[in-house]
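# Chains, contacts and geometry: an overview
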Amino acid sequence: EAEWEYAAQAGTRSPYPGGHVLSPEAASYLYDEMGRRVGPGHRVAAGSFPANAFGLHDLNGAVCEWVEDVWHANYHGAPQDGAAWVEGGDPTRRVLRVGAWDYLPRLLRHSWRDALEPDQRRDNVGFRVVCERELPV
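So, how was this worked out
Residue numbering note: each chain is counted from 1, following its sequence as written. Confidence filtering applies because this is a predicted model: local features only for residues at pLDDT of at least 70, side-chain atom pairs given and counted only at 80 or more, and all residues used for totals across whole chains, interfaces and linings. Only hydrogens and water are removed before side-chain values are computed, so all heavy atoms of the structure are retained for them. Put simply, DSSP H or I for four residues or longer makes a helix, DSSP E for two residues or longer makes a strand, and each gets a number counted from the N terminus. Restricting the calculation to C-alpha atoms gives the radius of gyration, and the globule rule supplies 2.2 Å times the number of residues raised to the power 0.38. Throughout, exposure labels follow a simple rule: accessible area from a 1.4 Å probe, protein chains only, divided by the maximum for the residue type, with under 20% read as buried, over 50% as exposed, and the rest as partly exposed. Contacts are assigned to residue pairs with any non-hydrogen atoms lying within 4.5 Å of each other. For accessible areas, the Shrake-Rupley method is used with a probe of radius 1.4 Å. Any residue's cover is judged against the shown protein chains and nothing else. Only four residue types enter the charge count: Lys and Arg as positive, Asp and Glu as negative, with His and the chain ends excluded. By convention, the point assigned to a charge is CZ for Arg, NZ for Lys, CD for Glu and CG for Asp. Paired rings are identified among Phe, Tyr and Trp, the last through its six-membered ring, by centres lying within 6.5 Å, and are further divided according to the angle between planes into stacked (under 30 degrees), edge-to-face (over 60) and tilted (the rest). Any two strands with at least two DSSP-identified bridges between them are counted as paired. Counted as salt bridges are all cases of a side-chain nitrogen of Lys or Arg within 4 Å of a carboxyl oxygen of Asp or Glu. In this description, a nonpolar core means a group of buried Ala, Val, Leu, Ile, Met, Phe, Trp, Tyr and Cys residues linked to one another through side-chain atoms lying within 4.5 Å.

Here the focus is the overall build of the protein chain. A count of helical and extended segments in the protein chain gives one helix and four strands. Here the C-alpha radius of gyration of the protein chain, 15 Å, is about what a compact globule of 137 residues would show, namely 14 Å. Along the longest, intermediate and shortest principal axes, the C-alpha atoms of the protein chain span 40 × 40 × 25 Å. Classification of the 137 residues of the protein chain by burial places 37% in the buried group. Taking as baseline every contact in the protein chain between residues at least 6 positions apart, the subset at least 24 positions apart corresponds to 60%. Of the roughly 8500 Å² of accessible surface on the protein chain, a fraction of 54% belongs to carbon and sulfur atoms. Across the protein chain, the centroid of the 14 positively charged side chains sits 5 Å from that of the 20 negatively charged ones.

Structure below.
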């Protein structure tokens, strides 16, 4: 979860990619906060929106993303090194990060989180494959 938020923030302090307001040009979402339809209303192809400063696309909107961490209501006692928090908490639920294409913009903030049982399936939940490699010394 910590790694996901770090990747989404990409060195910024803003709640969304590109600033403090989310635009339909920056992420896939269906309705604005006033209930007006502004987005496509469905999932879109990967890479449909501009990359963040780390070169990652579509971290906001698209789908809620599973992370490895088990659900904890807060960060008290979380690992300080960014490692997955898999001990304690509610082992029946896993953390989801950021909102999906059918969520309101306020739920697409980098910091938004929720939980779901691992055997639940929804059309707005997915995951991101991360491949890590050793950098030359």
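Don't stop here, the text continues.
Our next topic: the packing of aromatic side chains. Using the criterion set out here, one finds two aromatic pairs in the structure. Relative to Phe54, the ring of Tyr6 lies with its centre 5.5 Å away and its plane at 40°, an arrangement referred to as tilted. With Tyr6 in helix α1 (residues 2–9) and Phe54 in the loop between α1 and β1 (64–71), this pair connects stretches of sequence that are 48 residues apart. Between Tyr103 and Trp112 the ring centres are 5.5 Å apart and the planes differ by 85°, which places this aromatic pair in the edge-to-face class. Taking the relative accessible area as the measure of exposure, Trp112 reaches 10% and is therefore buried.

Okay, the sheet that holds strand β3 (residues 113–116) next. If you trace the four strands from one edge of the open sheet to the other, you get β3-β2-β1-β4, paired in mixed fashion. Each having just a single partner strand, β3 and β4 (125–126) make up the two edges of the open sheet. Where strand β2 (residues 90–97) lies against β3, four bridges are found, and the strand directions are antiparallel. Directly across from Arg94, in β3, lies its bridge partner Leu116.

Under the defined criterion, the tally for this structure stands at seven salt bridges. Asp90 is paired through a salt bridge with Arg93; the nearest N and O atoms lie 3.0 Å apart. Put simply, Glu1, Glu5, Arg97 and Arg113 are held in one network by salt bridges that share partners.

Let us look at the nonpolar core. Residues Leu22, Cys64, Tyr103 and Leu108 are the most contacted members of the largest nonpolar core, which totals 13 residues. Counting residues in hydrophobic clusters, the runner-up holds eight residues, among them Trp4, Ala8, Trp71 and Val98.

The residue Asp58 is located in the loop between α1 and β1 in this model. Residue Asp58 is classed as buried on the basis of its relative accessible area of 12%. Along the chain, Asp58 and Arg37 lie 21 residues apart, while their C-alpha atoms are 19 Å from each other. In this structure, Asp58 is in contact with Ala45, Ala46, Gly47, Ser48, Phe49, Glu65 and Arg128, ignoring residues within four places of it in sequence.

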